[in-house]
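Now for the letters of each chain:
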Amino acid sequence: MAYTPTKRMKKTLLGGGAIVVLAGLNAPAALSFAEDRYHAYKIDQPAYKARYGSWKRVDIPEEYRTNAIHAALLHTGKVLIVAGSGNDEQHFDEGTFDTVLWDPESNAFQKIPTPEDFFCGGHAALPDGRLLVAGGTARYEVLDDKVERAGGGMRVKNENPDKPLTLKKGTVFRSPSGAEYVSRFDVTVPRAKREFEVDYFKSGRMKPWKTKVTAAEARVFVESLTEGPQAVTTEAAQYEIEGLKGKAADNAYGLAEKITMDKQDFQGIRAAYEFDPVAEKYIRVDPMKEARWYPTLVGLEDGRVLAVSGLDDVGAILPGDNEIYDPKTKKWSRGPFHYFPTYPALFLTKGGKLFYPGANAGYGPADKGRVPGVWDLRKNTFTEVGGLTDTDETETAASLMLPPAQDQKVMILGGGGVGESKKSTARTAIVDLKADSPLFEKGPDLPQGTRYLNSVIMPDDTVFTTGGSKDYRGRGASNILKAQFYDPRTNAFEEAAAPTVGRNYHSEALLLPDGRVATFGSDSLYGDKDNTKLGRFEQRMEVYTPPSLHGKGERPVIGAGPKDVVRGGSATFEVSDPARIATARLMRPSAVTHTTDVEQRSVELGLRKGRGGVTVELPDDSTLVPPGWYMLFVTDTDGTPSEAKWVRVG
């Protein structure tokens, strides 16, 4: 029951200083001031916090404030906050790329040298606890009315089988008609492929060996050296590469793709790094085969990582070229071919298949890749799943595998129309993937249509949802200052304390090891209701403490126990008062961006209570418990969770 002050208390709150203010303000302003004071008083009461929880701003020294585009929890308990250029073109032009490491326990911050613009890349945890970060920004978009020079893709051919060809940024390509185009990035073309053939005379006698050379190819974005539409071309032609002489000039040339004055989209990079949480630095690994901007990285049951979708090196959405990273070799290989819009939500399910609920972020046509379904990676088949309503409003939707993961239920929450659409939906829906013929079923509606909702799995199997906006990027002052819990057991929402900071595009939320939820970022398009002032990136952080951590007595404490646990095995941990422990969960840490967090999952553990401790039993299924570091939580019969103990599943 919510705390209700007496009439006398209300009178006191509205008296004193408020009376002085009333004399100098008009009535509506004075009333608003008084209501704010009353609200601040109400939410600070113990009874209110015990029912709804509470929020607190994080004190961030000015030098560590950044545009949080990505956030990932590491097994050291620290949070990696990645901005890259932070959706700030000036930072991009200056090469100012930002990463901040935050320790929630001590509230200490530190800057991490950032070697590439990871803005709008992808990330996923590796089995050893490192974080794979791949893709990012090669070039910012140029809108239609700002395009001054024709631009497009140039395919660079190399017919030399003896060595690769490297062309620096600024290389000029000249057409037969004399039109010149300059490359905007370095490009390296591999050696041509040399193959030996055996030919035969008609008599059957063998001819000498013959050599066949197949040209290698790479692509680079080019722009005309001159302004205006005269450099636009849609015709195929062979382009001379300025600066090459002799055989090098004979062996290398360009083939233009379509070069237009159309909008030039963001362009991706191939770079990939592992972030080492112990050394606290980025370590370069082999680049991806494809450049990617807005990709999803999802961990597989064997510890490898699948990279899916994204805008490529000329700003076109990849048609379905996916690839797999092997952390043992540090190399990429070709993955199964399938098209998705950018930042698709893909969840690893039992049997190793991936489920796509239709939730995605950002780029792709409205009529392609939006249908939910089960993707069998081994057979490369995609089986559509029906039953979802508002199928034209899955962009910027939240989605997650509901706890516990053994139930194999996936939920989609809210979302909006494609691109800058004003449409948003309050729809939620749930699919049971264990059913013979899975179909989405309607869930409880959100309080209102919501895009960019952040949703976090809690140790007690509830889902905390917060923020979002009704319109595209908070347009029209449409940020939603509400939060709620979804309980899978009752299939209903319950109100939670309201945040004080609005969150929309480029915002994140994740579970901390102490059981609280941290929220970051937000990138409003406008800063006022009338959309006349440009918005500013939200650099404030806020942390939510759930009701279970307010006034319910001592928390359970996990003591000594193993750091390494085995699938199908058991492990014993010292626990204070084991008789009152009700549940145990392994929770995979989040790596979240653009409302997409395919890493988080909560796995139910078998539980046996003993004298001075509990023994937990792990499922023997790597598609349910992929290798890596997890937070072990125990929760008591009152619903109060312990702080997490980090364990590693091999």
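The model shown is predicted, which means the values in this text are computed figures rather than measured ones. (Residues numbered from 1 in each chain as written. Predicted model: local features only at pLDDT ≥ 70, side-chain atom pairs only at ≥ 80, totals over all residues. Heavy atoms only, no water.)

J.: Just to check I follow, could you spell out the environment of K169 for this structure?
T.: Tracing the backbone through its elements, the reader meets K169 in the loop between β10 (165-167) and β11 (172-174). Considering only alpha carbons, one finds K169 and N67, 102 residues apart in sequence, at a separation of 29 Å. Apart from residues lying up to four places away in sequence, K169 is in contact with S183, R184, F185 and D186. (Helix = DSSP H or I, 4+ residues; strand = E, 2+ residues; numbered from the N terminus. Contact = heavy atoms within 4.5 Å.)

J.: Looking at this model, I keep getting lost on the side chain of Q45. Mind explaining?
T.: If you trace the backbone, Q45 turns up in the loop between α3 (27-43) and α4 (46-52). Only 2.9 Å separates the side chain of Q45 from the backbone oxygen of Y41, close enough to count as a polar contact. (Polar contact = N/O pair within 3.5 Å; in protein donor to acceptor, adjacent residues only side chain to side chain.)

J.: Help me understand the sheet that holds strand β23 (residues 305-308), please; the structure alone is not making it clear to me.
T.: The 4 strands are arranged β22-β23-β24-β25 in an open sheet whose pairing can be described as antiparallel. The sheet is open, and its two borders are formed by β22 (296-299) and β25 (331-334), each paired with just one other strand. In this sheet, adjacent strand axes meet at a mean angle of 30 degrees when their direction is disregarded. In the sheet, β22 pairs with β23 via 4 bridges, with the strands oriented antiparallel. In the strand pairing of β23, G299 is matched with V305. (Pairing = 2+ DSSP bridges. Axes fitted to C-alpha atoms, helices over the stretch in contact; angles between N-to-C directions.)

J.: Looking at this structure, I do not really get the environment of A518. What am I missing?
T.: Relative to the elements of secondary structure, A518 occurs in strand β39 (residues 517-521). The sequence separation of A518 and T623 amounts to 105 residues, and the corresponding C-alpha distance is 28 Å. With near-sequence residues (within four places) excluded, A518 lies in contact with W102, E508, A509, L510, L512, E542 and V543.

J.: What exactly am I supposed to notice about the pattern of salt bridges here?
T.: Any two side chains of opposite charge can pair if their charged atoms end up close together. Tallying each qualifying case throughout the model produces 45 salt bridges. Two residues, D392 and K423, come together in a salt bridge whose shortest N-O distance is 2.3 Å. Separated by 31 residues along the polypeptide, D392 in the loop between β29 (381-384) and β30 (398-401) and K423 in the loop between β31 (409-413) and β32 (428-432) bring together distant segments of the chain. Between E617 and R608 there is a salt bridge; the shortest N-O distance is 2.7 Å. When its relative accessible area of 42% is taken as the criterion, R608 is described as partly exposed. (Salt bridge = Lys/Arg side-chain N within 4 Å of Asp/Glu carboxyl O. Buried < 20%, exposed > 50% of the residue type's maximum accessible area, 1.4 Å probe, protein only.)

J.: Explanation requested: the sheet that holds strand β37 (residues 492-496) in the structure shown.
T.: Strand pairs in the sheet, formed through backbone hydrogen bonds, run parallel or antiparallel to each other. Reading across the sheet, the 4 strands line up as β34-β35-β36-β37 and stay open at both edges, with antiparallel pairing between neighbours. Edge positions in the sheet fall to β34 (454-457) and β37, since each of these pairs with one other strand and no more. Within this sheet the neighbouring strands show an average axis-to-axis angle of 25 degrees, counted without direction. Examined bridge by bridge, strand β35 (residues 463-466) and strand β36 (residues 483-487) share 4 bridges and lie antiparallel to one another. Bridge pairing in β36 places F464 opposite F485.

J.: Looking at this model, I keep getting lost on the domain arrangement of the protein chain. Mind explaining?
T.: Often, the extent of an interface is quoted as the loss of accessible area on bringing the components together. With domains assigned, the protein chain is organised as domain 1 (149-256) and domain 2 (558-649). Inter-centroid distance (C-alpha atoms) of domain 1 to domain 2 is 55 Å. (Domains from an automatic or database assignment.)

J.: What should I look at first to understand the packing of aromatic side chains in this one?
T.: The geometry of an aromatic ring pair is captured by the separation of the ring centres together with the interplanar angle, meaning the angle of the planes. By the definition in use, this model includes 31 aromatic pairs. On the numbers, 5.9 Å between centres and 15 degrees between planes, the contact of Y64 with F109 is stacked. Here the residue Y64 occupies a position in the loop between β1 (54-57) and β2 (70-73), and F109 occupies one in strand β5 (residues 108-111), the gap between them amounting to 45 residues. A residue is classified by how much of its surface remains accessible, and F109, at 11% relative accessible area, is buried. On the numbers, 5.3 Å between centres and 90 degrees between planes, the contact of Y294 with Y363 is edge-to-face. Pair noted here: Y294 is in the loop between β21 (281-285) and β22 and Y363 is in the loop between β27 (354-356) and β28 (373-376), with a separation of 69 residues, a long-range link. In this pair, the class of Y294 matches that of Y363, namely buried. Cluster of aromatic residues (ring-pair linked, three or more members): F92, F119, Y140, F266, W293, Y294, Y343 and Y363. (Phe/Tyr/Trp six-rings, centres within 6.5 Å; stacked < 30°, edge-to-face > 60°.)

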